[in-house]
Amino acid sequence: MGCCYSSVEREEIVSRCKARKKYMKQLVKARQAFSAAHSLYLRSLRSTGSALLQFANAETNLHHHHHAPLPLPPPTPPPPPPMSPSSDTWTSITASPALPPPPPPPPASSTWDYWDPFVPPSSSAVTEEECEETPMTASEAVATATTAAAITTPPPSVISGLSKDTTATSELAMVVSRNSKDLVEIVKELDEYFLKAADAGGQVSSLLEVSSSSCSTQGSKEGKVYNHGFSLSPSLWTWGLSSKLFDFEKIGGEMVGSGVLVGGIASDSHCSTVERLYAWEKRLYQEVKTAETIKIEYEKKVGQLRKLEVKRDDYVKTEKNQKDVEKLESQMMVASQAIETTSAEIIKLRETKLYPQLIGLVKGLMCMWRSMYECHQVQTHIVQQLKYLNTIPSTEPTSEIHRQSTLQLELEVQQWHQSFCYLVKAQRDYIQLLAGWLRLSLFQMSKNPLSRTGEESRIYSLCEEWHVAVDHIPDRVASEGINSFLTVIHAIVVQQADEHKQKKKSECAFKDLEKKVNELRSLESKYGRYSTPESCVTTGGKDPVAEKRAKVEILRAKAVEEKTKHEKSVSITRAMTLNNLQMGFPHVFQAVEGFSSVCTQAFESVCNKAKSAGEEHDVKRILARGENPE
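Below: a short report on this structure. (Residues numbered from 1 in each chain as written. Predicted model: local features only at pLDDT ≥ 70, side-chain atom pairs only at ≥ 80, totals over all residues. Heavy atoms only, no water.)

**Focus: the overall build of the protein**
At step 1: When helices and strands are tallied, the protein shows 14 helices and zero strands.
At step 2: The helix and strand sequence of the protein, counted from the amino end, reads α-α-α-α-α-α-α-α-α-α-α-α-α-α.
At step 3: Going through the 630 residues of the protein one by one, you find that 47% of them count as buried.
At step 4: In the protein, of all internal contacts separated by at least 6 residues, the share reaching a separation of at least 24 is 88%. (Helix = DSSP H or I, 4+ residues; strand = E, 2+ residues; numbered from the N terminus. Buried < 20%, exposed > 50% of the residue type's maximum accessible area, 1.4 Å probe, protein only. Contact = heavy atoms within 4.5 Å.)

Now the structure itself:
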């Protein structure tokens, strides 16, 4: 039995089906990881905005009672884009003063793959009315975006692709035209667009079924939680948000062959489709393995029968072998029909459920990144106003509440960075596994195993384009941008810790001074303010009052010194905080703006290619039926 099983496993068709099953099993987990990563990233955007607001409130409170901010020069908006005949929505913006131009790109020696964040994404969004230009490939779209720094173009409208939306453009006009904002007012606007960016992922959340309910599948009944190596620290404070950042979905439960899930998951959901495909792949693998086992036994029996027929003896034995061969032939026919049925179910699920869901997911990602690009673009304009914050540094020391708010901000930015990296990896793993499964599964279990239908070509092309797109998106730039902002916040945390340490040293010095002063007063009450010959005789010739007074003066000088150091540390903290925000904020928003712009163009390209393939397929189908395309 073991030898027979081993030979069956080595058969190409069996090993191929086994690989297909393995890909699909991993795809089930990858879909869950993608869903969890998407949820985590949206929550990290909200949490980062909230933590920034708490930090800004704590910082600003140190200034309000001491110094009023200096008047701010009027910020100005960017120059308007070329006017289109059908759009006059830039009137309200062009009437306002202009923001200063964006900072120049880093020098050529920088390791950053810099792009111009003000170059708009491709406007060839997929719509029902227009998509008529020849679409770029994903790699072409990425190459175009990453070389855009060499092109000097006016900045786009705030809402790319929605330039006719007066409300949207008026938002930027309001952002860039108001004067004399303090730190809290600026950060409030940043927080508003963090929330809008997070809300932009709502459609994709629905498609990925991000919810508290878990999706279950057969094969891993131990209930293991997959967290993909990420250790998420608990929040130090709760900003009115759930302390549980997200629920990773557990694997467990059962599924029947008909595709009805015991767990009650919606039959048309993407989660359900992937898990049903996994169930059918497991069935197909077993059926193919059974068929190959029967085939091997059949060939063995046929060989024995031929030997008996050549010898022409033992009629009874020959007849028995003949019946065994006929029985195996019948079993092979049944097994072949089962394989055909299972293959047909997989193809039906793949073309009628999986393909439309993937199209919807790609379109959803395109719209999400476009909206995020718009939000981050506005945030990039908002933070330009930080350079006009010429607030006189306060002498108020950092409070414990402020220290905790800074630690919380550091934690949230750290999780923003982690969740970004996690999201990029999860999507790449998902599409890589999906494309791998398609490469193995795009064949019929029939006489012509290499035949491919038009539908199969469409889904394969879609996933290959998607795979190329996510592989070429320069996520390292955005990752380093967020991480550099984390470094800026960490520097403030370190300085606040040094200030706190110096405060403790100053307090300790004054406590020691107070203790010695009390001791001096006790001696003075005993011997008087000045020593007498009698007191010197009593103390062995020493002057206790004078000695104590000398020690007190030394401690007094030390306490004054420590206090001066503390005051200097406070001034350094206040100045560093403002300087670090002015230096760090623009960089991080330019980085995520550029990333979301490239993502928008890449997914637009994938959508356009899919739309073109669909139209081509429809034409071929009409022509095949002999109908007039007109």
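Anyway, onward from the coordinates.
**Observations regarding the pattern of salt bridges**
At step 1: Under the definition given, this model contains 21 salt bridges.
At step 2: With a shortest N-O distance of 3.8 Å, Lys 289 and Glu 9 are connected by a salt bridge. Of the two residues, Lys 289 is situated in helix α8 (residues 270-311) and Glu 9 in helix α1 (residues 2-9); the sequence distance between them amounts to 280 residues. Both residues of the pair, Lys 289 and Glu 9, count as buried.
At step 3: Across the pair Asp 324 and Lys 320 runs a salt bridge whose closest N-O atoms are separated by 3.4 Å. Highlighted residues: Asp 324 and Lys 320, both in helix α9 (residues 315-383), separated by four residues, approximately one helical turn.
At step 4: One network of salt bridges, in which partners are shared, links Glu 9, Lys 18 and Lys 289. (Salt bridge = Lys/Arg side-chain N within 4 Å of Asp/Glu carboxyl O.)

**Side note on the environment of Leu 486**
At step 1: Secondary-structure assignment places Leu 486 in helix α12 (residues 475-527).
At step 2: The buried category is assigned to Leu 486, whose relative accessible area is 14%.
At step 3: Setting aside its immediate chain neighbours within four residues, Leu 486 contacts Glu 410, Val 413 and Gln 414.

**Looking at the nonpolar core**
At step 1: Judged by nonpolar contacts, the single largest core of 104 residues is most densely connected at Trp 369, Leu 434 and Trp 466.
At step 2: The biggest single contributor to this core is α9, with 20 residues.
At step 3: Discounting residues that sit within four places of it in the chain, Leu 434 has contacts with Leu 27, Leu 354, Leu 358 and Cys 463. (Core = buried A, V, L, I, M, F, W, Y, C linked by side-chain atoms within 4.5 Å.)

**A look at the packing of aromatic side chains**
At step 1: With the rule as written, the count across this model stands at nine aromatic pairs.
At step 2: Consider the rings of Trp 369 and Phe 595, whose centres lie 5.3 Å apart with planes at 80°: the pair is edge-to-face. A residue pair is termed long-range when its members are at least 10 positions apart, and Trp 369 in helix α9 and Phe 595 in helix α14 (residues 544-624) qualify at 226 residues.
At step 3: Under the relative-accessibility criterion, Trp 369 is labelled buried at 4%.
At step 4: Taken together, a centroid distance of 4.9 Å and an interplanar angle of 75° make the contact between Phe 420 and Phe 595 edge-to-face. Of this pair, Phe 420 sits in helix α10 (residues 400-441) while Phe 595 sits in helix α14, and the two are 175 residues apart along the sequence.
At step 5: For Phe 420, a relative accessible area of 1% gives the class buried.
At step 6: Within the aromatic cluster, the residues linked to one another by ring pairs are Phe 194, Trp 416, Phe 485, Phe 585 and Phe 589. (Phe/Tyr/Trp six-rings, centres within 6.5 Å; stacked < 30°, edge-to-face > 60°.)

**Focus: the packing of helix α6 (residues 183-199) against α9**
Each pair of packed helices can be described by the angle between their axes along with the distance between the axes.
At step 1: Two numbers describe how α6 lies on α9: the axes approach to 9 Å, and their chain directions differ by 170°. With respect to α9, the element α6 is oriented roughly antiparallel. Contacts between α6 and α9 involve Ile 186, Glu 189, Leu 190, Tyr 193, Phe 194, Lys 196 and Ala 197 on the former and, on the latter, Met 372, Cys 375, His 376, Val 378, Gln 379, Ile 382 and Val 383.
At step 2: Looking at the contact of α6 with α9, its residues break down into 10 nonpolar, two polar and two charged. (Axes fitted to C-alpha atoms, helices over the stretch in contact; angles between N-to-C directions. Parallel < 35°, antiparallel > 145°, perpendicular 65-115°, else oblique. Nonpolar A, V, L, I, M, F, W, Y, C, P; charged D, E, K, R; others polar.)

**Observations concerning α6**
At step 1: When the terminal C-alpha atoms of α6 are compared, their 24 Å separation across 17 residues agrees well with the 24 Å that a helix rising 1.5 Å per residue should span.
At step 2: What α6 keeps buried is the set Leu 183, Val 184, Ile 186, Val 187, Glu 189, Leu 190, Asp 191, Tyr 193, Phe 194, Ala 197 and Ala 198.
At step 3: The backbone nitrogen of Val 184 lies 3.2 Å from a side-chain oxygen of the residue at the head of α6, namely Asp 182. (Expected span 1.5 Å × (residues − 1). Polar contact = N/O pair within 3.5 Å; in protein donor to acceptor, adjacent residues only side chain to side chain.)

**Comments concerning the packing of α8 against α9**
At step 1: Contact pair α8 / α9: the axes reach a minimum separation of 8 Å and the direction vectors enclose 160°. Between α8 and α9, the interaxial angle falls into the category roughly antiparallel. Relative to α9, α8 is oriented so that their crossing is left-handed.
At step 2: Looking at the contact of α8 with α9 residue by residue, the classes come out as 20 nonpolar, 10 polar and 14 charged. (Left-handed = near helix turned anticlockwise from the far one by under 90°.)

Function cannot be read off these values alone, since they describe shape.
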